[in-house]
Amino acid sequence: MSKILQVKNLSVHFDTHAGKIQAVRDVSFGIREKKVTAIVGESGCGKSVTAKTIMGLIQRPGVIAEESRIFFQGEDILTYTEKQWEDYRGQRCSIVFQDALTALNPTMNIGKQITEKIRVHRRTSRQEAWQEGIRMLEQVGIPGAAMRMRQYPHEFSGGMRQRAMIAIALTLHPQLLIADEPTTALDVTIQADILEMMKEIQKEQGMTIILITHDLGIVADFAQDIIVMYAGKIVEKGSAEDIFYHPAHPYTEALLRAVPRLDILGGQLETIEGAPPNMAAPPTGCPFADRCKKRLPVCETRSPQETELAEGHQVFCWLQGGNDDDR
């Protein structure tokens, strides 16, 4: 299946008073068209920075390395002019941020926030844009859409605000939707409703989705492909079946052991001891080495290269080979 997005050798750092924070380090992956790919990892692993880079939202003090390349349908978007970025955002690629209350404009009603986006990108009347906004709110499951269009974000519940954010993101029918922690701070029943709604829209429209999350538990029935990140690097990538049933990296295994399971009643959830590395001075070896119970001496000094375990299933781990015989 063709790849709608190809990320190659992506590195992003931030210049701060504490030094150069290396948020994303030499990351490469492809996104299959019309599929859902989840990028998972704990806070600070670089997944949201990766998403914002794909959207062209990295600004100073953020710096994208010169060798980085991001190809959307064959075009290197990192070479885009500002006009090309404007055409790309919303129409070809759109994003749903994790905190709808801060992402939505509190001084504008929901209707204006939707119609403004429509009218910026399309030649249409206010009335036509307003009717399109009502249809979008109905599509994401907001009851009384015509009335809701005139209400402000603070008049919506958390789940409804998130649905409104998704409606705004889908207004121009983008080919790629990035959902950055779309269910954060919502209770589990609302989380399930939001994800089910996104799944239905994705199938109806044949859309490609990148789901950014720290919770492996919510992607099991949603994503076809999974990318696991840690300390700015990819440690494993593969199909959902590969990751859930054949995890190869100790970090992936640890994340899975921390997910509550209904088939193991009374079992104790495991935690990952230790803390992520300081990204102002990232480790030279495997980024997970200090917290890994299976580490080898080489893990602390040399970074493992990609090892292909099966078609579409790759891991960066010395236990799986690391592309080096000197271990």
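Throughout what follows, the structure given in this document is the object of discussion.

Cut-off values and rules
- Residues numbered from 1 in each chain as written.
- Predicted model: local features only at pLDDT ≥ 70, side-chain atom pairs only at ≥ 80, totals over all residues.
- Heavy atoms only, no water.
- Core = buried A, V, L, I, M, F, W, Y, C linked by side-chain atoms within 4.5 Å.
- Buried < 20%, exposed > 50% of the residue type's maximum accessible area, 1.4 Å probe, protein only.
- Helix = DSSP H or I, 4+ residues; strand = E, 2+ residues; numbered from the N terminus.
- Pairing = 2+ DSSP bridges.
- Axes fitted to C-alpha atoms, helices over the stretch in contact; angles between N-to-C directions.
- Parallel < 35°, antiparallel > 145°, perpendicular 65-115°, else oblique.
- Left-handed = near helix turned anticlockwise from the far one by under 90°.
- Contact = heavy atoms within 4.5 Å.
- Nonpolar A, V, L, I, M, F, W, Y, C, P; charged D, E, K, R; others polar.
- Phe/Tyr/Trp six-rings, centres within 6.5 Å; stacked < 30°, edge-to-face > 60°.
- Lys NZ or Arg CZ within 6 Å of the ring centre and 35° of its normal.
- Disulfide = S-S within 2.5 Å.

This paragraph deals with the nonpolar core. One finds Leu 137, Ile 166, Leu 177, Met 198, Leu 216, Val 219 and Ile 226 to be the most contacted residues of the largest nonpolar core, which totals 62 residues. If one sorts the elements of this core by residue count, helix α7 (residues 158-170) sits on top with 8 residues. Listed in part, the 33 residues of the second largest apolar core include Val 7, Phe 72, Ile 77 and Tyr 88.

To continue, consider the pairing of strand β10 (residues 225-230). Strand residues, when the strand is regular, have side chains that alternate between the two faces of the sheet. Buried residues dominate β10, accounting for 6 of its 6 residues. What you see with β10 is no split at all: Asp 225, Ile 227 and Met 229 on one side and Ile 226, Val 228 and Tyr 230 on the other are buried throughout. Judged from the 4 bridges that link them, strand β3 (residues 36-40) and β10 form a sheet pairing that is parallel. Bridge pairing links Val 40 to Val 228 in β10. Bridging between β10 and strand β11 (residues 233-239) involves 6 bridges; their strand directions are antiparallel. Along β11, the bridge assignment pairs Ile 227 with Lys 237. Where β10 hands over to β11, the hairpin turn is made up of 2 residues, of which Ala 231 adopts a positive phi near 50°.

Two packed helices can be described by the angle between their axes and the distance between those axes. Between helix α4 (residues 110-121) and α7, the shortest axis-to-axis distance is 9 Å and the interhelical angle comes to 20°. Between α4 and α7, the crossing angle belongs to the class labelled roughly parallel. Considering only the axes of α4 and α7, their crossing is right-handed. Contact residues: α4 offers Ile 110, Gln 113, Ile 114 and Lys 117, while α7 offers Ala 164, Ile 168 and Ala 169. Taken together, the residues of the contact of α4 with α7 break down into 5 nonpolar, 1 polar and 1 charged.

Turning next to the packing of aromatic side chains. Any pair of aromatic rings gets described here by the distance separating the centres and the angle formed by the planes. For the coordinates displayed, the defined rule picks out 7 aromatic pairs. Ring centres 4.7 Å apart and planes at 55° place the aromatic pair Tyr 230 and Tyr 251 in the tilted group. In this pair, Tyr 230 is assigned in strand β10 and Tyr 251 in helix α10 (residues 250-257), connecting sequence segments 21 residues apart. Considered together, Tyr 230 and Tyr 251 belong to a single accessibility category, that of buried residues. Sitting over the ring of Phe 156, Arg 148 keeps its end group 4.9 Å from the ring centre.

Before going further, it helps to spend a moment on the environment of Ile 168. Note on placement: Ile 168 falls in helix α7. Sequence separation of Ile 168 and Gly 90 is 78 residues, and the distance between their C-alpha atoms is 9.0 Å. Setting aside residues up to four positions removed in sequence, Ile 168 forms contacts with Leu 104, Gln 113, Ile 114 and Lys 117.

Turning our eyes to something else, we now look at the side chain of Thr 213. Within the element layout of this structure, Thr 213 appears in strand β9 (residues 208-213). Residues within four places of Thr 213 in sequence aside, it is in contact with Ile 39, Val 40, Gly 41, Lys 47, Glu 181, Ile 218 and Val 219.

Turning our eyes to something else, we now look at the state of the cysteines. For the structure on display, the rule yields 0 disulfides. Here Cys 286 is not cross-linked by a disulfide; its sulfur's nearest cysteine counterpart is in Cys 299, at 5.9 Å.

Turning next to the packing of α7 against helix α8 (residues 188-205). One way to put it is that α7 packs onto α8 with a least axis distance of 10 Å and a crossing angle of 20°. With respect to their mutual orientation, α7 and α8 come out roughly parallel. Crossing hand, α7 versus α8: right-handed. Side by side, α7 and α8 meet where Gly 159, Gln 162, Arg 163, Ile 166 and Leu 170 of the first sit next to Ile 190, Asp 193, Ile 194, Met 197, Met 198 and Ile 201 of the second. Of the residues belonging to the contact of α7 with α8, the class tally is 7 nonpolar, 2 polar and 2 charged.

This paragraph deals with the environment of Ile 70. Structurally, Ile 70 can be placed in strand β5 (residues 69-72). Counting along the chain gives 64 residues from Ile 70 to Gln 6, while the straight-line C-alpha distance between them is 5.7 Å. When residues no more than four places from it in sequence are discounted, the contact partners of Ile 70 are Leu 5, Gln 6, Val 7, Leu 10, Thr 53, Ile 54, Glu 75, Asp 76, Ile 77 and Leu 78.

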